[in-house]
2 protein chains.
Amino acid sequence: MSGLTIGQVAERTGAATSALRYWEDLGLISSVRTTGNQRRYERATIRRVSFIRAAQRVGLSLEEIGAALSTLPDARTPTATDWARLSRAWRGRLDEQIRRIEKLRDQLDSCIGCGCLSLRTCALNNPSDVLAEHGPGAVLLEP
Amino acid sequence: MSGLTIGQVAERTGAATSALRYWEDLGLISSVRTTGNQRRYERATIRRVSFIRAAQRVGLSLEEIGAALSTLPDARTPTATDWARLSRAWRGRLDEQIRRIEKLRDQLDSCIGCGCLSLRTCALNNPSDVLAEHGPGAVLLEP
DNA sequence: GTCAGAGTTCATGTGACGTTCAAGTAGCGG
DNA sequence: CCGCTACTTGAACGTCACATGAACTCTGAC
């Protein structure tokens with residue numbers, strides 16, 4: 001009754017226990033300890049963990065996710081509106097990812113058969129116009 | 001005249017010298033050494049490196065790229081046709097990546113505002129039908 | 001012959017965890 | 001209270017694809 005074990009949170013969210021411990025080290029989630037030093041999680045942690053996993057799927061780094069989570073209210077348990085506010089920003093991110101890959105695919109179509117991989121004129125080999133910009137959003141195809 | 005230095009290959013392909021050394025450790029590319037133990041690359045290496053970088057952009061691991069490269073003829077310098085054969089398989093891969101992200105985006109649209117992240121019915125939170133399958137092709141969004 | 005710049009090996013760091021280990025803990029039946 | 005199984009702990013090491021830095025050597029222009 002005093003909280004969820006790490007195994008229960010893992011089962012309910014689909015996250016590995018090793019990931020949960022790692023995220024706690026990074027400060028993304030928190031727990032209280034039993035007298036025997038085991039972690040116990042609040043029920044609200046499940047929603048928080050679900051958010052983290054969804055955000056990862058969208059392509060955010062844990063650092064970015066932590067920044068987003070830090071904008072949640074400290075005092076009260078976050079509401080559905082709080083979570084929706086954070087999720088809204090992902091839309092553009094996904095659109096951008098799709099745009100990038102589509103461009104790469106189209107370039108590939110125009111390149112197959114020419115074998116021009118090493119030439120200066122090959123768009124697939126020199127996609128500077130597509131992927132050169134750095135910063136947020138480039139995580140997916142520009143490591 | 002006796003070959004390209006690692007810096008020249010890096011400049012012409014856009015790959016970092018550290019990456020070129022790493023790929024050589026893995027056997028993806030090869031070099032000959034000068035009397036002073038410096039690497040010298042054949043001109044054909046530029047095309048090979050370009051292929052590696054393009055393949056990475058498509059989402060292949062270095063292991064997969066190595067497998068593809070090993071199907072190239074050992075005896076002669078690969079032709080444009082050889083490279084085109086390897087590139088053709090990427091098309092479906094990119095299509096699949098786009099399909100995945102589009103599905104995720106559509107789910108996000110239907111989820112924003114509901115704040116249902118922790119509920120069993122939320123498609124974004126339970127995308128088992130989209131991303132559950134493992135194996136090749138899942139590299140991008142399923143780490 | 002001098003000197004900058006490019007090259008060398010080797011060790012260590014990164015991100016986001018996964019795996020493995022011995023040792024400790026929880027909760028159950030008997 | 002004993003024993004059993006399942007679970008949890010921290011620490012340490014592995015993964016992938018490199019980046020970075022230290023300390024050194026080679027090359028090529030002058």
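Heads up: these notes are all about the structure in this document. Everything numeric in this text was worked out from a predicted model, so none of it was measured.

Residue and element names in this part refer to chain A. Every buried residue belonging to helix α2 (residues 17–25) is among Ala 19, Leu 20, Trp 23 and Glu 24, and all of these are buried. Projected down its long axis, α2 carries its buried residues within an arc of 135°, all on one side. In this structure, the buried residues of α2 make contact with α1 (6–13), β1 (32–33), β2 (39–40), α3 (44–58) and α4 (62–69). Of the residues flanking the end of α2, it is Gly 27, one or two places downstream, whose phi is positive at about 85°.

A word on the protein's contact with DNA strand D. Neighbouring DNA strand D are 20 residues; Gly 7, Arg 21 and Arg 39 of chain A together with Ser 18 and Gln 56 of chain B lie closest to it. Sugar and phosphate atoms constitute 89% of the interface atoms of DNA strand D, taking the interface as everything within 4 Å of the protein. One nitrogen or oxygen atom from the main chain of Gly 7 of chain A is found 2.9 Å from a phosphate oxygen belonging to DNA strand D. Where the surface near DNA strand D is concerned, the elements lending two or more residues are α1 of chain A together with α2 (17–26) of chain B. In terms of residue count, α2 of chain B provides more of the surface near DNA strand D than any other element does, 4 residues in total.

What follows covers the protein's contact with DNA strand C. Around DNA strand C, a shell composed of 18 residues is seen, among which Ser 18 and Gln 56 of chain A together with Gly 7, Arg 21 and Arg 39 of chain B lie nearest. Among the atoms of DNA strand C close to the protein, meaning within 4 Å, 83% are from sugar or phosphate groups. Within the side chain of Trp 23 of chain A, a nitrogen or oxygen atom sits 3.1 Å from a phosphate oxygen of DNA strand C. Arg 21 of chain B places a side-chain nitrogen or oxygen 2.4 Å from a phosphate oxygen of DNA strand C. Listed by contribution, the elements that provide at least two residues to the surface near DNA strand C are α2 of chain A together with α1 (6–13) of chain B. With 4 residues, α2 of chain A is the single largest residue contributor to the surface near DNA strand C. Class assignment for the residues of the surface near DNA strand C results in 6 nonpolar, 9 polar and 3 charged.

With that settled, consider the packing of aromatic side chains. All names here are of chain B. A complete count under the given rule lists 2 aromatic pairs over all chains for this structure. Ring geometry for Phe 51 against Trp 83: centres 5.1 Å apart, planes inclined by 40°, an arrangement best described as tilted. Placement of the pair is Phe 51 in helix α3 (residues 44–58) and Trp 83 in helix α5 (residues 80–88), with a sequence separation of 32 residues. Measuring from ring centre to ring centre gives 5.3 Å for Phe 51 and Trp 90, while their planes differ by 40°; the resulting arrangement is tilted. Remark: Trp 90 occurs in helix α6 (residues 90–111) and Phe 51 occurs in helix α3; sequence separation between them is 39 residues. Through successive ring pairs, a cluster of aromatic residues spans Phe 51, Trp 83 and Trp 90.

Below, the discussion takes up the side chain of Thr 45 of chain B. With respect to the helices and strands, the residue Thr 45 of chain B is situated in helix α3. What Thr 45 of chain B contacts, discounting residues up to four positions off in sequence, is Ile 29 and Ser 30 of chain B.

Conventions and cut-offs
Residues numbered from 1 in each chain as written. Chains lettered and ligands numbered in written order. Predicted model: local features only at pLDDT ≥ 70, side-chain atom pairs only at ≥ 80, totals over all residues. Heavy atoms only, no water. Buried < 20%, exposed > 50% of the residue type's maximum accessible area, 1.4 Å probe, protein only. Helix = DSSP H or I, 4+ residues; strand = E, 2+ residues; numbered from the N terminus. Arc of directions from axis to C-beta. Contact = heavy atoms within 4.5 Å. Near = heavy atom within 4 Å. Polar contact = N/O pair within 3.5 Å; in protein donor to acceptor, adjacent residues only side chain to side chain. Nonpolar A, V, L, I, M, F, W, Y, C, P; charged D, E, K, R; others polar. Phe/Tyr/Trp six-rings, centres within 6.5 Å; stacked < 30°, edge-to-face > 60°.

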